[in-house]
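# Reading the structure
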Amino acid sequence: MSTAVTTPASPTPHGPEWWRTAVIYQIYPRSFADGNGDGLGDLAGIASRLDDLSYLGVDAIWLSPFFVSPQRDAGYDVANYRDVDPRFGTLADMDALIAAAHDRGIRVIADIVPNHTSSDHVWFQAALASAPGSPERARYLFKDGKGPDGSQPPTDWLSVFGGPAWSRVTEADGTPGQWYLHLFDESQPDLNWDNQEVVDEFDSVLRFWLDRGIDGFRVDVAHGMVKDPAYPDYQPKHDPEIGGGGIYLDCPYFGQTGVHRIWRHWRTVIDEYPGDRILTAESWVHPMTELANYTRPDEYHQAFNFPFMFAGWDAAKLRTSIDESLKEFGAVGAPSTWVLSNHDVVRHTSRFGLRDSGPQGSGIGPRDPQPDEALGLARARGAALMMLALPGSVFVYQGEELGLPEATQIPADARQDPTWFRTGGEKYGRDGCRVPIPWQAGAPAYGFSPTGAAWLPQPEGWDAYARSAQEGVEGSTLELYRAAMAARTAHGTSTADLTWIEGLPAGVLGFTVADLAVYVNTSDTPAPIDDPGDVVLASQDFDGTLAGNATVWIQR
Ligand code: GLC
């Protein structure tokens, strides 16, 4: 074996900037822990589990939206940005949660949704009640329809969730009227970010939460705020290599360069506050150079690395993705991030359990080939151990530390994702990765709620995944994550340079990082590893031969 090709970590790795190396744990509030027993997770539930997160060793939690919302897109449809939805708790609960997290050294990131509001928002209700051309309508993207009677939508754009991206309103006098744009559900009207009132309102919302001690924002659809003013027709192209969210540069409503102006402004707002607060972009753009542009020094601190998420369990693609990530983020002085799962994609344990490249936002349901659970779990553990060795910052989606698979058998009448409804059941959508997580084996709702209620049905057979079945159990997935999170800090991998080890068998990746050598076997064939060092961590037993679908860390 020879070593070659060193990719430098980001240029200023050793500063006080916690976000360059942080493990950020995503909490999907409705599915994390239910304090009041109504079947929907809540802030009290989260507060009751903070010690469990300390045990795991996370640096920060990112909370998916908890604001007042009719919940037509699980809270990504916000009706009031300055209050907590009563289903989740109160502002006082949120203040207490922030304080309790800070007491434990855990930072709290909120999820802000600026591309659209809920149709229940007072602004949209006012727009509906006002005339075309009014200031109330100018906060959103209202347009006249095409055709002599305006009965055709202004463009052929499609909603991300399926169906048209425009809906027609009925004017106050009862006649069919203008159309408004909604890149997502019709209950999520897009805001007009050319309108200064919109800009000012969000400055105020950011400050509202920053004043309460929030440590930063994950910004929803950060690539969507600006639309091509010519409003050309456009049909999205699908490229399996890019994955579900790949956005082409010619898209007139995603990835427009004008969005960067907004983010530069937001950065000035964040920078008014002490304490190293951050902005994290959910920007589904490609190629990697475009994504890295969101993390230039005067914009976002971090962006989700979706190309890495979609590299799959494939040695060549992973290596390319890791190289490009370190190079492009490094080129703008940002840390790379690493992410395998979130609330919008099939859990990676199940993606990796499919031999063919798996579906993403379409979900896996009863009609589909079912993942191989054991294979998926082996690969997921291997992937996690690889990810946690990489330089930069890592996102962990609640439940992945338990090795939790996708729930693939949710009955049709229990489904909630707008994707399911807007495609007439053709696409299952994202419910399968959003099922309440298991805490206690043998308990009602696996300990998610005290009453056994759960807003989405939990599959049978999750006892083995429950936290109680894994905590303190050597070799469990929970303990693997915990050990790897502690070891990445102890060994300093997250600020180190990565150097590839060449000459390994087909399907095996190897790299050195800090004082570790990391070997990842993406093939099914066991691979002899000629490395005399001691084993630090292994996703499967290691005795000089690396099992198929496994990762090992060896002391150099
Ligand atoms: C983001 C969120 C997703 C939501 C969509 C619309 O992609 O992650 O859950 O449905 O934006 O807000």
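Residues numbered from 1 in each chain as written. Predicted model: local features only at pLDDT ≥ 70, side-chain atom pairs only at ≥ 80, totals over all residues. Heavy atoms only, no water.

Turning next to the overall build of the protein chain. Helix and strand counts for the protein chain come out as 14 helices and 21 strands. By the compact-globule yardstick of 24 Å for 556 residues, the protein chain fits well, its C-alpha radius of gyration being 23 Å. Seen through its C-alpha atoms, the protein chain measures out along the principal axes to roughly 80 × 50 × 50 Å. Buried positions account for 61% of the 556 residues belonging to the protein chain. For the protein chain, the share of sequence-separated contacts (at least 6 apart) that also reach a separation of at least 24 residues comes to 69%. A total accessible area of about 19600 Å² is found for the protein chain, and carbon and sulfur atoms account for 52% of it. (Helix = DSSP H or I, 4+ residues; strand = E, 2+ residues; numbered from the N terminus. Rg over C-alpha atoms; globule rule 2.2 N^0.38 Å. Buried < 20%, exposed > 50% of the residue type's maximum accessible area, 1.4 Å probe, protein only. Contact = heavy atoms within 4.5 Å. Areas by Shrake-Rupley, 256 points an atom, 1.4 Å probe, with all protein chains shown as cover.)

What follows is about the environment of V78. You can see V78 is positioned in the loop between β4 (67-68) and β5 (80-84). Residues V78 and D534, 456 residues apart in the sequence, show an inter-C-alpha distance of 52 Å. Sequence-distant contacts of V78, that is, excluding residues within four places in its chain, are made with F67, V68, S69, V113, T117, S118 and H121.

With that settled, consider the site of the ligand. In the region of the ligand, 14 residues are neighbours, and D73, D220, E282, H343 and D344 sit closest. Protein contacts shield 97% of the accessible area of the ligand, which totals 310 Å² for the unbound molecule. For the shell around the ligand, the residue count by class is 4 nonpolar, 3 polar and 7 charged. (Near = heavy atom within 4 Å. Nonpolar A, V, L, I, M, F, W, Y, C, P; charged D, E, K, R; others polar.)

Looking now at the sheet that holds strand β3 (residues 60-63). Taking strand neighbours across the sheet as the criterion, the 8 strands line up as β12-β11-β10-β6-β3-β2-β14-β13 in an open arrangement whose pairing is parallel. Looking at which strands have only one partner, the edges of the open sheet turn out to be β12 (302-303) and β13 (337-339). Bridge analysis of β3 against strand β6 (residues 107-112) gives 4 bridges, and the strand direction is parallel. Paired with L63 across the bridge in β6 is A110. Packing of helix α4 (residues 91-103) onto the sheet brings it into contact with β3 and β6, and relative to β6 it is tilted by some 140 degrees. (Pairing = 2+ DSSP bridges. Axes fitted to C-alpha atoms, helices over the stretch in contact; angles between N-to-C directions.)

What follows is about the nonpolar core. Grouped together as the largest cluster of nonpolar side chains are 143 residues, with contacts concentrated most on M94 and F217. Membership of the second largest hydrophobic core comes to 15 residues, among which are A165, W166, L181 and Y253. (Core = buried A, V, L, I, M, F, W, Y, C linked by side-chain atoms within 4.5 Å.)

Tracing the chain through its elements places F308 in helix α9 (residues 306-309). When the C-alpha positions of F308 and S325 are compared, they lie 8.0 Å apart, and in sequence the two are 17 residues distant.

Before going further, it helps to spend a moment on the pairing of strand β11 (residues 278-281). Burial along β11 is two-sided: the residues I278 and T280 and L279 and A281 are all buried. Pairing of strand β10 (residues 216-219) with β11 involves 4 bridges; the strand directions are parallel. In the sheet register, G216 faces β11, and the bridge partner there is I278. Bridge count for β11 against β12 is 2 bridges, and the pairing is parallel. Looking across to β12, one finds that A281 is bridged to A303. As for the winding sense of the linkage, the β-α-β connection from β11 through helix α8 (residues 288-293) to β12 is right-handed. (Right-handed = clockwise from strand over helix to strand, strands pointing away.)

All chains considered together, the criterion is met by 32 salt bridges. Note that E282 is salt-bridged to R218, the shortest N-O span being 3.3 Å. One end of the pair, E282, is in the loop between β11 and α8; the other, R218, is in strand β10, and 64 residues separate them in sequence. Judged by relative accessible area, E282 falls into the buried class, the value being 3%. Residue classification places R218 among the buried residues on the basis of a relative accessible area of 1%. (Salt bridge = Lys/Arg side-chain N within 4 Å of Asp/Glu carboxyl O.)

Read from one edge of the open sheet, 3 strands run β7-β9-β8, paired in antiparallel fashion. Since the sheet does not close on itself, it has two edges, and those belong to β7 (142-143) and β8 (166-170), each with one partner. The sheet contact formed by β8 and strand β9 (residues 176-181) spans 4 bridges and is antiparallel. Its bridge partner being in β9, T170 is matched across the sheet by P176.

Moving on to the domain arrangement of the protein chain. When the parts of a complex come together, some accessible area is lost, and that lost area is often used as the size of the interface. The assigned domain composition of the protein chain is domain 1 (18-115 + 195-470) and domain 2 (122-181). Placing a centre on the C-alpha atoms of domain 1 and another on those of domain 2 gives a separation of 30 Å. On the side of domain 2, 18 residues touch domain 1, which itself brings 20 residues to the contact. Counting the surface lost from both domain 1 and domain 2, the interface buries some 1700 Å², and carbon and sulfur atoms represent 57% of this. Joining domain 1 to domain 2, the criterion identifies 2 salt bridges. E197 is paired through a salt bridge with R139; the nearest N and O atoms lie 2.8 Å apart. (Domains from an automatic or database assignment. Buried area = accessible area lost by both parts, 1.4 Å probe.)

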